[in-house]
Amino acid sequence: MYCYGSKLRTEDMTLKDIAEKLEVSQGDIAIAVGISKTSVNEYIHEYCGNQKTLDSIYRYLNSREFYNGYSFMPTKDFARFLDTEVLSVFRKTMKQSEIAKAIGMTPQKLSKLIGCIYSDGKTQKLNVREQYDILEKLYNMCAELAPDKTEKYIDDNDEVTNEFVKLRVKLNKHIHIDDDIEIKMGFSSLLNFPESV
C-alpha cells in the first residue's frame, strides 16, 4: 500500500519501518496528521485501525519521500552522494566555505552533513525538500560555471568534456528540472491512493 514508485519502501514494510527509513519521527507524524503521539504510537504498532487516519499518515509519509519529481535519500546516502559525486567536482574550483554559502548553508552545517557519512548516529537530518533545494542550487551553479551550450563541450567521440556539464546532467536525473510540472505533480497525487483503488 502506498509504495508505488518508491525506491525505499516495499509492501512488506511496517509503518514503523517506513517512518524510520524516511527519518520521520512520531512527533512529525502527530503534528502533520493532527493526532497525539500516543495515537501515532498505536498506529505504528498496529493497535489502531481507523482507515481515514491511516490514509492521512501514509499521505504524509509520501510527502516526505517525494517532492517535485525528486525521491528522498536517507541523509547518510545523500551526504555520500553529495560529497563524492557532486562536491568533488566543485572543490576543484571553489573552497568548501564558498560552496556552503552558495547553497545557503553555513560551512559548519555542510561539514556536519558530510561528517554524518562516517558516524553511526544521525548527526543531521535533511527532509526531501531540503535535499531537493540543495541539488537544485548546485544544478544552477553548474549552469553558471559552464553557461555555453552543451555542444561546445562534446568531443569527437560524443563524450561531454566539461565536468560541470556532466554534473548538471547527473543532477537533472535526480531533480528532473526539465520535466513538466503537471507530470511531476500528477505522479505525486497518484501516490496518495491505495493500490486497490
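Keep in mind that what you see is a predicted model, and the values were worked out from it rather than measured.

Glancing now at the environment of Ile 177. Tracing the backbone through its elements, the reader meets Ile 177 in the loop between helix H9 (163–175) and helix H10 (181–190). The partly exposed category is assigned to Ile 177, whose relative accessible area is 25%. Distance in space between the C-alpha atoms of Ile 177 and Asn 68 is 8.7 Å, their sequence separation being 109 residues.

Core analysis: the biggest nonpolar cluster contains 53 residues, and Leu 82, Phe 90, Leu 110 and Leu 138 have the highest contact counts within it. Apart from residues lying up to four places away in sequence, Leu 138 is in contact with Leu 82, Val 86, Leu 87, Phe 90, Ile 99, Ile 103 and Leu 171.

Backbone geometry follows two general trends: most residues other than glycine have a negative phi, and most peptide bonds adopt the trans configuration. The phi torsion at Glu 23 lies on the positive side, around 60°, for a residue other than glycine. Along the chain, the position of Glu 23 falls in the loop between helix H1 (15–21) and helix H2 (26–33). Of the residues examined, Glu 23 reaches a relative accessible area of 7% and is grouped as buried.

The subject of this paragraph is the packing of helix H5 (residues 75–90) against H9. The interhelical angle for the contact between H5 and H9, taken along N-to-C directions, is 150°, at an axis separation of 9 Å. On the basis of their axis angle, the class for H5 and H9 is roughly antiparallel. At the point where H5 passes H9, the crossing takes the left-handed sense. Only Glu 163, Phe 164, Leu 167, Lys 170, Leu 171 and His 174 of H9 make contact with H5, whose side of the interface consists of Phe 81, Glu 85, Val 86, Val 89 and Phe 90.

Parameters at a glance
- Residues numbered from 1 in each chain as written.
- Predicted model: local features only at pLDDT ≥ 70, side-chain atom pairs only at ≥ 80, totals over all residues.
- Heavy atoms only, no water.
- Helix = DSSP H or I, 4+ residues; strand = E, 2+ residues; numbered from the N terminus.
- Buried < 20%, exposed > 50% of the residue type's maximum accessible area, 1.4 Å probe, protein only.
- Core = buried A, V, L, I, M, F, W, Y, C linked by side-chain atoms within 4.5 Å.
- Contact = heavy atoms within 4.5 Å.
- Axes fitted to C-alpha atoms, helices over the stretch in contact; angles between N-to-C directions.
- Parallel < 35°, antiparallel > 145°, perpendicular 65-115°, else oblique.
- Left-handed = near helix turned anticlockwise from the far one by under 90°.

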